[in-house]
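# Structural overview
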Amino acid sequence: MSEDFEPDVDDIKAMRSENGGADLKAFMRQQIANGRARREQPKSKPVLKPPGHKPGAWPPGTSPPGPPPERQIPAHVWQAAARHYSNETNRPDQPCDCGNCPEETR
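Residues numbered from 1 in each chain as written. Predicted model: local features only at pLDDT ≥ 70, side-chain atom pairs only at ≥ 80, totals over all residues. Heavy atoms only, no water.

From N to C terminus, the protein includes 3 helices and 0 strands. In sequence order, the protein lays out its α and β elements as α-α-α. Across the 106 residues that make up the protein, the buried fraction comes to 9%. Taking all contacts inside the protein whose residues are at least 6 apart in sequence as the whole, residues at least 24 apart take part in 13%. Split by element, the accessible area of the protein, about 9700 Å² in all, is 55% carbon and sulfur. (Helix = DSSP H or I, 4+ residues; strand = E, 2+ residues; numbered from the N terminus. Buried < 20%, exposed > 50% of the residue type's maximum accessible area, 1.4 Å probe, protein only. Contact = heavy atoms within 4.5 Å. Areas by Shrake-Rupley, 256 points an atom, 1.4 Å probe, with all protein chains shown as cover.)

Structure below.
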């Protein structure tokens, strides 16, 4: 049957009387299926990732380059800054013993 078929009253009566009403049930089921097909959008296929792709900016087995040499901090400066931060955070009421603070804040 076509999707645009609009039965009239005589057609409905004929479908009810034939095959014990099975024709009318089949017709109504087909009408429901046609309506759902028009309403539902076809599901799109998911975009597949390239085979073997792993998220990240660098290829497997490599690492990004480190900071440039002019930005590398000497170990003793780093340790002093870490100690100063620890003193400020954990002991704010005690004078700082990092050696980098001015005399008035110690």
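We are not done yet, so read on.
Next up on the list: helix 2 (residues 22–39). For helix 2, spanning 18 residues, the distance from its first C-alpha to its last is 26 Å, which sits close to the expected 26 Å at 1.5 Å a residue. Listed in full, the buried residues belonging to helix 2 are Leu24, Phe27 and Asn34. Looking down the long axis of helix 2, one finds its buried residues gathered within 85° of arc, a one-sided arrangement. Turned more than 90 degrees off the buried face of helix 2, the exposed positions are Lys25, Arg29, Ala37 and Arg39. Those residues of helix 2 that are buried are in contact with helix 1 (9–17). (Expected span 1.5 Å × (residues − 1). Arc of directions from axis to C-beta.)

The backbone phi angle of Asn19 is positive, close to 55°, even though this residue is not glycine. With respect to the helices and strands, the residue Asn19 is situated in the loop between helix 1 and helix 2. A residue is classified by how much of its surface remains accessible, and Asn19, at 61% relative accessible area, is exposed.

So, about a nonpolar patch on the surface. Residues Ile73, Val77 and Trp78 make up a contiguous nonpolar surface patch of about 320 Å² in total accessible area. With respect to the helices, strands and loops of the structure, Ile73 is situated in the loop between helix 2 and helix 3 (75–90). (Patch = residues over 30% accessible without salt bridge, like charges linked within 9 Å, V, L, I, M, F, W, Y side chains within 5 Å. Salt bridge = Lys/Arg side-chain N within 4 Å of Asp/Glu carboxyl O.)

This paragraph deals with the confidence of the model for the protein. In this model, the protein carries a mean pLDDT of 77, and residues with pLDDT of at least 70 account for 82%. Within the protein, the lowest mean pLDDT, 82, falls on helix 3, and the highest, 86, falls on helix 2. (pLDDT = per-residue confidence, 0-100.)

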